[in-house]
Amino acid sequence: MPKNKGKGGKNRKRGKNENESEKRELVFKEDGQEYATVTKMLGNGWVEAQCCDGEKRLAHIRGAFRKKVWITQGDLVLLGLRDYQDSKADVILKYTPDEARMLKSYGELPDNIKINDTQIMEDSDEEVNVEFDIDEI
């Protein structure tokens, strides 16, 4: 049996997410970048994103970003557009819901973009009544 000479296993490698509470500087889009909302998770590091310019693009989550930041459907992301492929892009940054609200208040995002948190809050007011008939089955 080999002796364990390391400093720990995979739980140590995962570490603590200490930087989550820190406020980071708000990043605005530049030339060759676009804001987008994730519409579908395709797997293998690919997502389908609806851009603010009206285009639907396939976006690739880069490896280091894929391991550290979890992206889900409805998230607001910043895409780096490709010069040679207009239908594909790369995910550069994921915005937190607070940052997305700030971008909307600055007028960077159009009004038709829904932020993940507000969409859930609006739908929670309505009651859904579902009845099941077990006899028919």
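Thresholds applied
Residues numbered from 1 in each chain as written. Predicted model: local features only at pLDDT ≥ 70, side-chain atom pairs only at ≥ 80, totals over all residues. Heavy atoms only, no water. Helix = DSSP H or I, 4+ residues; strand = E, 2+ residues; numbered from the N terminus. Contact = heavy atoms within 4.5 Å. Areas by Shrake-Rupley, 256 points an atom, 1.4 Å probe, with all protein chains shown as cover. Salt bridge = Lys/Arg side-chain N within 4 Å of Asp/Glu carboxyl O. Buried < 20%, exposed > 50% of the residue type's maximum accessible area, 1.4 Å probe, protein only.

**Some thoughts on the overall build of the chain**
- Scanning the chain from N- to C-terminus turns up four helices and five strands.
- Each helix (α) and strand (β) of the chain, taken in turn from the N terminus, gives the series α-β-β-β-α-β-β-α-α.
- Expressed as a percentage of contacts within the chain between residues at least 6 apart in sequence, the contacts between residues at least 24 apart total 51%.
- Summed over all atoms, the accessible surface of the chain reaches about 11,100 Å², with 48% contributed by carbon and sulfur.

**With respect to the pattern of salt bridges**
- Under the defined criterion, the tally for this structure stands at eight salt bridges.
- When the shortest N-O distance is used, the salt bridge between E48 and K56 registers 3.7 Å.
- Where R57 meets D86, a salt bridge forms, and the shortest distance between an N and an O atom there is 3.3 Å. Of this pair, R57 sits in strand β3 (residues 56-61) while D86 is found in the loop between β4 (76-81) and β5 (88-94), placing the two residues 29 residues apart along the sequence.
- Of the residues examined, R57 reaches a relative accessible area of 3% and is grouped as buried.

**Some thoughts on unusual backbone geometry**
- Positive phi, close to 60°, is recorded for N44, a residue that is not glycine.
- For N44, the position within the fold is in the loop between β1 (33-43) and β2 (46-51).
- A residue is classified by how much of its surface remains accessible, and N44, at 67% relative accessible area, is exposed.

**Points about the side chain of T37**
- Take T37: it is sitting in strand β1.
- Residue T37 is classed as buried on the basis of its relative accessible area, which comes to 14%.
- In this structure T37 touches E48, A49, Q50, G74, D75, L76 and I113, once residues within four positions along its chain are discounted.

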